[in-house]
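One-letter residues, chain by chain:
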Amino acid sequence: MAGLVAAAEARRLGADVLVLEKLDRPGGSMRLSSGVIWRHRDFARFRAECPRGDEPLQRTLFERLDADLRWLEGLGAPVTERGTGNPLTTGLRFNPPALTEVLVRAAGGLRSHDGAGVVTGTPLLSPPDGAPLILATGGFAADRPLLREHVTREADHVLLRTAPGSTGDGLRLGLDAGAATGAGLDEIYARAMPAPPARIAPGDFVRLAQLYAAHAEVLNERGERFEAATWSEIDVAQWMARQPRARAWLRVPRARLDRLVRGRAVGAMVDAAAAAGAPVRRESEHVTVETVAGITTTLGGLRVDEHARAAPDLFACGADAGGIATGGYASGLAAALVFGRIAARAALGEAP
Ligand SMILES: Cc1cc2nc3c(=O)[nH]c(=O)nc-3n(C[C@H](O)[C@H](O)[C@H](O)COP(=O)(O)OP(=O)(O)OC[C@H]3O[C@@H](n4cnc5c(N)ncnc54)[C@H](O)[C@@H]3O)c2cc1C
């Protein structure tokens, strides 16, 4: 998303832009996402939930998101829901394929890596003489060796609940160019997903998420228990990604199967996991679902300032830039939107 946003903003400012995408379709993880672009309602709450994040970056995101959402809507991106359904947050929900289409149009189209030129998501190319480069390659959630190095020894077992292009190209290029990593390179956002032998296609990443740790006993395969404490369940996800085989068992009292989590009944999520093929044990008082950590996005990355600058003439945005959600979770789409626009303006020498 961040690369398309940066390109759209750069074109609005009169720049000639060429967007290069390494996959055969645009949109990255944005296209697979739920499409909810949000911020905390209250800055103090944002700080409290993401305590190790860089405060100026967080402030920038918090202060700019509403105007950037209006800009996005102004491009013609259709809003499917106003509000997030969560009293702690505010934002808009977009239809991801439609959002992708609108952004590709505003970005002036895409080329494969064979094209000459530069601006976003292009670490395999060198920019033309002296042109700034914006890294927007979506972090490294799809790269098991990098996940093993930075996040978890259980990297071979996690589900890659992400677009396949996010293999850390921006991180490698940024480090080669003299940028540094920020805090929290080991942090990820993940979801409990139906465990193998469940079969999960990318189009099912949202539908099959098991979002009821708050109603369940959460156990690893040694029988050790984890107490979920956050509404986003980021704590559960970070924990389970590091448990043996990245597994957790969610044991739900039958009396809670009718509870709603973000509009979905717990029992319906359990049934969806069973239908996908996950091991589900049904007993008289409880239902237990075996789940695996589905790594969705990396939260750590290159260190950037409020102008998305990672090194001289090098900018990073979206999941390539770390330091925003460190210690908790904040909207990755919001970061991609706000810092994608900022990166374009900074790269063109425009006022932020
Ligand atoms: C199932 C799911 C649900 C989600 N739901 C939400 C949600 O509701 N709200 C939210 O805020 N976030 C959500 N997210 C997270 C969100 O999608 C990401 O945080 C966001 O897409 C990150 O934006 P990005 O631009 O950094 O990466 P992406 O959107 O993944 O874009 C990166 C692009 O760069 C391309 N690329 C990579 N390497 C290269 C290269 N070398 N050359 C050229 N191109 C390259 C990739 O192929 C990709 O197209 C969800 C993610 C998933 C997977």
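That block above? That's the structure.
Residues numbered from 1 in each chain as written. Predicted model: local features only at pLDDT ≥ 70, side-chain atom pairs only at ≥ 80, totals over all residues. Heavy atoms only, no water.

A.B. asks: Sorry, what's going on with the sheet that holds strand S2 (residues 36–40) here?
C.D. replies: Strand pairing in a sheet is mediated by backbone hydrogen bonds. Such pairs are either parallel or antiparallel. Here we have three strands laid out as an open sheet, ordered S2-S4-S3, and antiparallel in their pairing. Bordering the open sheet on either side are S2 and strand S3 (79–82), each of which pairs with just one other strand. With direction set aside, neighbouring strand axes in the sheet form an average angle of 15 degrees. Bridge count for S3 against strand S4 (residues 89–94) is three bridges, and the pairing is antiparallel. (Pairing = 2+ DSSP bridges. Helix = DSSP H or I, 4+ residues; strand = E, 2+ residues; numbered from the N terminus. Axes fitted to C-alpha atoms, helices over the stretch in contact; angles between N-to-C directions.)

A.B. asks: Any chance you could explain helix H5 (residues 96–106) here in plain terms?
C.D. replies: Because an α-helix packs 3.6 residues into every turn, residues spaced three or four apart end up facing the same way. Restricting attention to buried positions, one finds in H5 the residues Pro96, Leu99, Thr100, Val102, Leu103, Val104 and Ala106. Where H5 begins, the side chain of asparagine 95 points an oxygen toward the backbone nitrogen of alanine 98, at a separation of 2.9 Å. Immediately downstream of H5, the backbone of glycine 108 shows phi near 85 degrees, a positive value. (Buried < 20%, exposed > 50% of the residue type's maximum accessible area, 1.4 Å probe, protein only. Polar contact = N/O pair within 3.5 Å; in protein donor to acceptor, adjacent residues only side chain to side chain.)

A.B. asks: Explanation requested: the packing of aromatic side chains in the structure shown.
C.D. replies: What describes a pair of aromatic rings is the distance from one ring centre to the other and the angle between the planes of the rings. Under the counting rule described, the total for this entry stands at six aromatic pairs. On the basis of an interplanar angle of 65 degrees and a centroid distance of 5.7 Å, the ring pair of tryptophan 38 and tryptophan 231 is categorised as edge-to-face. Taken together, the residues span a long stretch of sequence, with tryptophan 38 in strand S2 and tryptophan 231 in the loop between strand S11 (225–226) and helix H8 (234–240) at a distance of 193 residues. With a relative accessible area of 25%, tryptophan 231 lands in the partly exposed category. Look at phenylalanine 43 and phenylalanine 62: their rings are 5.3 Å apart centre to centre, the planes differ by 65 degrees, and that puts the pair in the edge-to-face class. Note that phenylalanine 43 is positioned in helix H3 (residues 43–49) and phenylalanine 62 in helix H4 (residues 55–74), a separation of 19 residues in sequence. (Phe/Tyr/Trp six-rings, centres within 6.5 Å; stacked < 30°, edge-to-face > 60°.)

A.B. asks: Any chance you could explain the packing of helix H1 (residues 2–12) against H5 here in plain terms?
C.D. replies: The relative placement of two packed helices comes down to the angle between their axes together with the axis-to-axis distance. Closest axis-to-axis distance for the H1/H5 pair is 8 Å, and the angle between their directions is 40 degrees. On the basis of the axis angle, H1 is oblique to H5. Considering the relative orientation of H1 and H5, their crossing is left-handed. For the pair formed by H1 and H5, the contact residues are Leu4, Val5, Ala8 and Arg11 on the first element and Leu103, Val104, Arg105 and Ala106 on the second. (Parallel < 35°, antiparallel > 145°, perpendicular 65-115°, else oblique. Left-handed = near helix turned anticlockwise from the far one by under 90°. Contact = heavy atoms within 4.5 Å.)

A.B. asks: Where do I start with the side chain of threonine 100 in this structure?
C.D. replies: Looking at where threonine 100 falls in the secondary structure, it is placed in helix H5. Discounting chain neighbours no more than four positions away, the residues touching threonine 100 are Pro26, Gly27, Met30 and Arg31.

A.B. asks: So what exactly am I meant to see when it comes to the pattern of salt bridges here?
C.D. replies: Within this structure, the stated rule accounts for 24 salt bridges. One salt bridge in this structure joins glutamate 217 and arginine 251, with 3.1 Å as the shortest N-O distance. Of the two residues, glutamate 217 sits in strand S10 (residues 217–219) while arginine 251 sits in strand S12 (residues 247–253), which places them 34 residues apart along the sequence. Accessibility expressed as a relative area gives 26% for arginine 251, which makes it partly exposed. One salt bridge connects arginine 247 with glutamate 290, and the closest N-O pair in it is separated by 3.1 Å. Taken together, the residues span a long stretch of sequence, with arginine 247 in strand S12 and glutamate 290 in strand S16 (residues 286–298) at a distance of 43 residues. Linked through salt bridges whose partners overlap, the residues forming this network are Glu9, Arg12, Asp68, Arg341 and Arg345. (Salt bridge = Lys/Arg side-chain N within 4 Å of Asp/Glu carboxyl O.)

A.B. asks: How should the packing of H1 against helix H10 (residues 332–347) be read in this particular structure?
C.D. replies: Where H1 meets H10, the axes come as close as 7 Å, and the angle between the chain directions of the two elements is 45 degrees. For the element pair H1 / H10, the angle class is oblique. When you trace H1 past H10, the crossing you get is right-handed. Every residue of H10 that contacts H1 at Ala2, Val5, Ala6, Glu9, Ala10 and Arg12 is listed here: Ala336, Leu337, Gly340, Arg341, Ala344 and Arg345. The residue makeup of the contact of H1 with H10, split by class, is seven nonpolar, one polar and four charged. (Nonpolar A, V, L, I, M, F, W, Y, C, P; charged D, E, K, R; others polar.)

A.B. asks: Honestly, the nonpolar core in this entry has me stumped. Any pointers?
C.D. replies: The tendency in soluble globular proteins is for nonpolar side chains to be buried as a group. If you look at the biggest cluster of nonpolar residues, it comprises 118 residues, and the most contacted ones within it are Met1, Ile37, Leu72, Leu99, Tyr212 and Leu337. Counting residues per element, this core draws most heavily on H10, which supplies 12 residues. Apart from the residues lying within four places of it in its own chain, the contact partners of leucine 72 are Met1, Ile37, Ala77, Phe94, Leu99, Leu103 and Leu337. (Core = buried A, V, L, I, M, F, W, Y, C linked by side-chain atoms within 4.5 Å.)

A.B. asks: Quick question: what am I supposed to make of the side chain of arginine 345 here?
C.D. replies: With respect to the secondary-structure elements, arginine 345 resides in helix H10. A polar atom in the side chain of arginine 345 sits 2.7 Å from the side chain of glutamate 9.

A.B. asks: Just checking my understanding: could you explain the pairing of strand S9 (residues 188–194) for this structure?
C.D. replies: Successive side chains on a regular strand alternate, one facing one side of the sheet and the next facing the other. With seven of seven residues buried, S9 lies mostly within the body of the structure. As paired elements, S9 and S16 share seven bridges and run antiparallel to each other. Within the sheet, the bridge partner assigned to tyrosine 189 lies in S16 and is threonine 297.

A.B. asks: Quick question: what am I supposed to make of the environment of alanine 195 here?
C.D. replies: Within the fold, alanine 195 resides in the loop between S9 and S10. Between the C-alpha atom of alanine 195 and that of leucine 92, which follows or precedes it by 103 residues, the distance is 31 Å.

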